[in-house]
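# Analysis of the macromolecular model
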Amino acid sequence: MTAKETIAPATNGETHAAPSSPARPAHGAALEFGKAWTYAPAPEAADHVRIDPRYELFIGGKWVAPSSGKYFDTVSPSTEQKLAEVAEGNERDVDLAVKAARVAYEKYWSKLSGIERGKYIYRIARVIQEKARELAIVETMDGGKPIKESRDVDLPLVAAHFFYYAGWADKLAYAFPGRSPRPLGVAGQVIPWNFPLLMAAWKLAPALAAGNTCVLKPAETTPLTALLLAKILEECDLPPGVVNIVTGAGATGAALVAHPDVDKVAFTGSTDVGKRIQKALSGTKKKLTLELGGKAANIVFADAPLDQAVEGIISGIFFNQGHVCCAGSRLLVEEGAFEPLLRRLRDRMQTLRVGDPLDKNTDVGAINSKMQLDKIRELVDAGEREGATRFSTPCELPARGYWFAPTLFTGVSQSHRIAREEIFGPVLAVMTFRTPDEAVEKANNTMYGLSAGVWTDKGSKSFWVSQKLRAGVVWANTYNKFDPSSPFGGYKESGFGREGGRQGLLPYLEVD
Amino acid sequence: MAAEGGNGKGAAGPSGARTYPDFSAPTVDKVMVEERAAALGKRSIKKETKVAGLLLSIAMMDLTTLEGKDSPGKVTQLCQKAMRPHASPEVPPCAAICVYPKLVPVAKHALAGSSVKVASVATAFPSGLSALDVKLEDVRRAVAWGADEIDMVIDRGALLAGEKTRIFDEIAATKEACGQAHLKVILETGELGTYDLVREASQIAMLAGADFIKTSTGKVTPAATPAVTLVMLEAIRDFFYATGKRIGMKPAGGIRTAKQALHYLVLVKETLGDAWLTPDLFRLGASTLLNDVLMQLEKERTGAYQSGDSFSKD
């Protein structure tokens, strides 16, 4: 193929003279994206990745068949093809896992010095780095997220979390000056499908550093990377039972949090399930942290760096197909900036490449499951019925798999379902405001409070607004920035407890 | 200093004072713009896309020599290279040759009958620190000698001192001195210090009549960067929406590898879209880029890297 076949006429400078070519009326001006110089497919090779046909439960350092003898399929949401079958753990299996964790706690892990625990955790971090490419590919195949995200965001953060908390293992005595921290015992941890391996890291790394042993229940639709992590733990010679991985669906998770010998429950997932867990745990001695849903406001003032705000908005809502608890799913724009910002946003959305998650140029991958796709569709339909105006990018979606085109709604009211409920998909609700007070009022007018974004060129305004926002994380002139040293967690129905940083150790410690 | 001749834009207001168009532009956040520009460098450009992009980058190239030792012999050789960069028939000629004014007649002669344009730097290049009438005479002379395109420099000292209207007037006057020649306005972004000022300078240049805006002279480091180019492309986009006019973009200086050239094409494709993917609206100013692009093309064609001596050094 030559340049001439793919590119509009290349005539070397003659047609450009402004005086000779009448200017198109500005109001009719439009940019076109996509026809010239299209990108050839650039798939990440996956042939070196080995996925076993069947995975058992990882209990007490051994791979154990589920007592029910039942297995469930895990499928690739981008192809609907079965990747492997995975053991379905039940109450008995959970009991075995908790017992194994208790034995490991008493026999090995609580007897080790911090520096020795730290060595194991450093080792895990290093092996994850070595296997990052394979883990990223499996994460993308099992969950549908673009390879550029699993490769450039998930995996580096996974390793960073283990490295960060490995460093705390021998410094716990100095983490809370004047107080003496002790581990709790056995932690039961239930994690979601949006960042499968990263959430496993967020849960395991601080728990292990603090001296606890763990039973981890990965999400039903994305169990594979946690199981590969189990193999890494074997490779690192982690004492048997220190980490146990019990796969399964909601019932498996329920059995884990209800187990009487679990000292601490950590859950990341939906607010509904979070509420049920909190009910189940009331009256018990178990410590609990919940990291639940969100409906974050991304607030853009008229004096903001608009083009960079657009990048933050795009990352805020389309990163990981919007399957992000801290997604900036409500855009609050100062009225004076509405037109220029929305024009930019629509242009930018058209450059998003939706499709094969393993393609290195894909920006938006597959929706994680049929169930989630149905939920997104239901809420988008509600948005249309309630009178908001929908704009979806005119992208071609693959015939197989679960897909949803990047979408935004204008004309949204605070009362609309799409403004109040967490959609957990690539759908943005745009609203306007007139004053900083109104922006703050609208931003806080939600049952959630996990995160928020503020975009302004004025530092004082940025500080004023972020102090008024009731959200666990406020990003200023950026969005979706994560670091293991920074605590993360919610207000209100977004949950409680903090993960990350020194604060992230506390839920796993008894501190006198 | 007042503009020489009516450019029609900086007109006299009712009170007799000159009025100017609105130079204001959105602010730019350094961290996020650099992040976005770098992210676009991660696009995976393979196979037919790579070949098409490399060929396009040759067609967009302003093959440049701006040295004190430039001679008619050197410039003639470079013109030969620009007209026929490589023996293989699918390789297009470059867009233009970019030289100092004194060498314009040599280039014009060498390029006679070809599609390759002659671009000349002018206006007391590279500093722009001379009297306006001298700078304008520089332009008129280059045009009279046959330059199809003029690459002017702005007076960065004046801009940094806040004399925006002066910059506007000088560009407008230079545009008029260009006559039929196209005007590229070099902002010398490496001396402006902030992206905000780059954005504002882009706006001033386009309002004053630039056909192209260009990053750098190549005499100052940093020269072209992906982030500064992105800021200028966004300024071009806003100007297009405001006026319907398509202004061209030319990053120049420090672009040496095929990979960099493709990165710039990605920036254009994903910021301004299809209409700008043409030499009419996008140029790459470079002196050593061409052979690396040719080497990559030969690699795609034959599957192996050729020795550097397989490509003519002109």
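Everything numeric in this text was worked out from a predicted model, so none of it was measured.

## A closer look at the overall build of chain A
From N to C terminus, chain A includes 16 helices and 20 strands. Whereas a compact globule of 512 residues would reach a radius of gyration of roughly 24 Å, chain A reaches 24 Å, a difference of no more than 12%. Overall, the C-alpha framework of chain A stretches about 85 × 55 × 40 Å when taken along its three principal axes. In chain A, buried positions account for 60% of the 512 residues. Looking at chain A alone, contacts between residues at least 24 apart form 75% of all its contacts between residues at least 6 apart. As presented, chain A carries roughly 19,700 Å² of accessible surface, and 52% of it is formed by carbon and sulfur atoms.

## Describing helix H7 (residues 196-210) of chain A
All names here are of chain A. Across its 15 residues, H7 extends 22 Å between first and last C-alpha, which sits within 8% of the 21 Å expected from 1.5 Å per residue. Of all 15 residues in H7, 15 are buried; the element is thus mostly enclosed. Backbone geometry just downstream of H7 places Gly 211 in the positive-phi region, at approximately 105°.

## Description of the state of the cysteines
Residue and element names in this part refer to chain A. A complete count under the given rule lists 0 disulfides over all chains for this structure. Cys 214 carries a free sulfur, and the closest cysteine sulfur to it, the one in Cys 236, is 15 Å from it. Cysteine Cys 325 is unpaired, with the sulfur of Cys 326 as its nearest cysteine sulfur at 4.9 Å. The buried category is assigned to Cys 325, whose relative accessible area is 11%.

## Side note on the sheet that holds strand E18 (residues 473-476) of chain A
Residue and element names in this part refer to chain A. An order of E14-E15-E16-E13-E12-E17-E18 is seen for the 7 strands of this open sheet, with the pairing classed as mixed. Edge positions in the open sheet fall to strand E14 (389-392) and E18, since each of these has one partner strand only. Sheet twist, expressed as the average angle between the axes of neighbouring strands with direction ignored, equals 20°. Bridge count between strand E12 (residues 297-300) and strand E13 (residues 330-334): 4 bridges; the pairing is parallel. Bridged to Asn 298 within E13 is Leu 331. Strand contacts of helix H13 (residues 370-385): E14, strand E15 (407-410) and strand E16 (427-433), with the helix running at about 25° to E15, the strand carrying the most contacts. Across the sheet, helix H15 (residues 436-444) is in contact with E12, E13 and E16; its angle to E13 comes to roughly 170°.

## Some remarks on the UniProt feature "active site" (unreviewed entry) in chain A
Residue and element names in this part refer to chain A. Mapped onto this numbering, the UniProt entry gives "active site" (unreviewed entry) at Glu 291. Of note, Glu 291 is situated in strand E11 (residues 287-291). Once residues within four sequence positions are removed from consideration, Glu 291 is found in contact with Trp 202, Phe 267, Thr 268, Gly 269, Cys 325, Leu 450, Phe 488, Ser 494 and Glu 499.

## Topic: the interface of chain A and chain B
The interface of chain A with chain B comprises 55 residues on the first partner and 58 residues on the second. Applying the counting criterion to the chain A and chain B interface returns 8 salt bridges. Among the ionic pairs, Asp 238 of chain B bridges to Arg 343 of chain A, the shortest N-O distance being 3.7 Å. At the level of secondary structure, the elements contributing two or more residues to the side of chain A that touches chain B comprise helix H1 (3-6), helix H5 (147-169), helix H11 (306-318) and helix H12 (338-350) of chain A. Top contributing element to the side of chain A that touches chain B by residue count: H11 of chain A, with 5 residues. A class-by-class count of the residues in the side of chain A that touches chain B yields 22 nonpolar, 15 polar and 18 charged.

## Observations regarding the side chain of Thr 229 of chain B
With respect to the secondary-structure elements, Thr 229 of chain B resides in helix H9 (residues 226-243). What Thr 229 of chain B contacts, discounting residues up to four positions off in sequence, is Thr 215, Met 249, Pro 251, Tyr 264 and Leu 267 of chain B.

## Concerning the pattern of salt bridges
Pairing of side chains with opposite charge becomes possible as their charged atoms draw close. Applying the stated criterion to the full structure yields 64 salt bridges over all chains. Note that Lys 184 of chain B and Asp 62 of chain B form a salt bridge whose closest N and O atoms lie 3.0 Å from each other. Pair noted here: Lys 184 of chain B is in strand E5 (residues 182-186) and Asp 62 of chain B is in strand E1 (residues 61-64), with a separation of 122 residues, a long-range link. For Lys 184 of chain B, a relative accessible area of 1% gives the class buried. For Asp 238 of chain B, the salt bridge goes to Arg 237 of chain B, with nearest N and O atoms at 2.9 Å. Residue Asp 238 of chain B is classed as buried on the basis of its relative accessible area, which comes to 15%. Residues joined by salt bridges that share partners form a network here, namely Asp 307, Arg 343 and Arg 344 of chain A together with Arg 199, Glu 234, Arg 237 and Asp 238 of chain B.

## Describing the nonpolar core
Ile 128, Phe 162, Leu 229, Val 300, Leu 331, Leu 341 and Leu 345 of chain A are the most contacted members of the largest nonpolar core, which totals 111 residues. The two domains that each donate at least three residues to this core are domain 1 (54-292 + 491-511) and domain 2 (297-476) of chain A. If you look at the next biggest cluster of nonpolar residues, it comprises 108 residues, including Val 106, Ile 150, Ile 171 and Leu 267 of chain B.

## Some words on the side chain of Ser 369 of chain A
All names here are of chain A. Counting through the fold element by element, Ser 369 comes out in the loop between H12 and H13. A residue is classified by how much of its surface remains accessible, and Ser 369, at 13% relative accessible area, is buried. Not counting residues up to four positions away in its chain, the partners in contact with Ser 369 are Thr 221 and Tyr 402.

## Some points on the confidence of the model for chain B
A low pLDDT score tells you not to read the predicted coordinates there in detail. Mean pLDDT for chain B: 95, with 95% of residues reaching 70 or above. Below a pLDDT of 50 lies the segment residues 1-8 of chain B, which in the model reaches 14 contacts outside its immediate sequence neighbourhood of four places, other chains included.

## Structural notes on the pairing of E12 of chain A
Of the two faces of E12 of chain A, the one lined by Ala 297 and Ile 299 of chain A and the one lined by Asn 298 and Val 300 of chain A are each fully buried. Crossover connection from E12 of chain A via H11 of chain A to parallel E13 of chain A: handedness right-handed.

## With respect to the sheet that holds strand E4 (residues 71-75) of chain A
Residues and elements named next belong to chain A. One open sheet accounts for 3 strands, arranged E1-E5-E4; its pairing is mixed. The open sheet has two edge strands with one neighbour each: strand E1 (54-55) and E4. Where E4 lies against strand E5 (residues 82-87), 5 bridges are found, and the strand directions are antiparallel. Across the sheet, residue Thr 74 finds its bridge partner in E5, namely Ala 84.

## Quick look at the domain arrangement of chain A
Residues and elements named next belong to chain A. The assigned domain composition of chain A is domain 1 (54-292 + 491-511) and domain 2 (297-476). Domain 1 and domain 2 are separated by 30 Å when their C-alpha centres are compared. Summed over both sides, the interface between domain 1 and domain 2 buries roughly 2,800 Å², with carbon and sulfur atoms accounting for 56% of that surface. By the criterion of area lost to domain 2, the three top residues of domain 1 are Trp 193, Tyr 491 and Lys 492, representing 22% of everything that side buries. Viewed at the interface, domain 2 and domain 1 are joined by 17 residue pairs in polar contact (both at pLDDT 80 or more). Among the elements of the structure, helix H4 (132-143) and H5 are those that each provide at least two residues to the side of domain 1 that touches domain 2. Here the side of domain 1 that touches domain 2 gets 5 residues from one element, more than from any other, and that element is H5. Looking at the side of domain 1 that touches domain 2 residue by residue, the classes come out as 10 nonpolar, 10 polar and 9 charged.

## Observations regarding the packing of aromatic side chains
Tallied over the entire structure, the rule returns 18 aromatic pairs over all chains. When the centroid spacing of 5.9 Å and the interplanar angle of 55° are considered together, the rings of Phe 482 of chain A and Phe 488 of chain A count as tilted. Residue class for Phe 482 of chain A comes out partly exposed when judged on its relative accessible area of 24%. A ring pair is formed by Phe 240 of chain B and Tyr 241 of chain B, whose centres lie 5.9 Å apart and whose planes are at 45°; its orientation type is tilted. In terms of burial, Phe 240 of chain B and Tyr 241 of chain B fall into one category: buried. Aromatic ring contacts, followed pair by pair, group Trp 202, Trp 475, Tyr 479, Phe 482 and Phe 488 of chain A into a single cluster.

## Looking at the UniProt feature "domain: Aldehyde dehydrogenase" (unreviewed entry) in chain A
Here, the residues flagged by UniProt with the feature "domain: Aldehyde dehydrogenase" (unreviewed entry) are residues 63-511 of chain A. The span residues 63-511 of chain A is 41% helix and 17% strand, and its two end C-alpha atoms sit 35 Å from each other.

Reading the values: the criteria
Residues numbered from 1 in each chain as written. Chains lettered and ligands numbered in written order. Predicted model: local features only at pLDDT ≥ 70, side-chain atom pairs only at ≥ 80, totals over all residues. Heavy atoms only, no water. Helix = DSSP H or I, 4+ residues; strand = E, 2+ residues; numbered from the N terminus. Rg over C-alpha atoms; globule rule 2.2 N^0.38 Å. Buried < 20%, exposed > 50% of the residue type's maximum accessible area, 1.4 Å probe, protein only. Contact = heavy atoms within 4.5 Å. Areas by Shrake-Rupley, 256 points an atom, 1.4 Å probe, with all protein chains shown as cover. Expected span 1.5 Å × (residues − 1). Disulfide = S-S within 2.5 Å. Pairing = 2+ DSSP bridges. Axes fitted to C-alpha atoms, helices over the stretch in contact; angles between N-to-C directions. UniProt positions renumbered as here; feature names shortened; annotations may be inferred. Salt bridge = Lys/Arg side-chain N within 4 Å of Asp/Glu carboxyl O. Nonpolar A, V, L, I, M, F, W, Y, C, P; charged D, E, K, R; others polar. Core = buried A, V, L, I, M, F, W, Y, C linked by side-chain atoms within 4.5 Å. Domains from an automatic or database assignment. pLDDT = per-residue confidence, 0-100. Right-handed = clockwise from strand over helix to strand, strands pointing away. Buried area = accessible area lost by both parts, 1.4 Å probe. Polar contact = N/O pair within 3.5 Å; in protein donor to acceptor, adjacent residues only side chain to side chain. Phe/Tyr/Trp six-rings, centres within 6.5 Å; stacked < 30°, edge-to-face > 60°.

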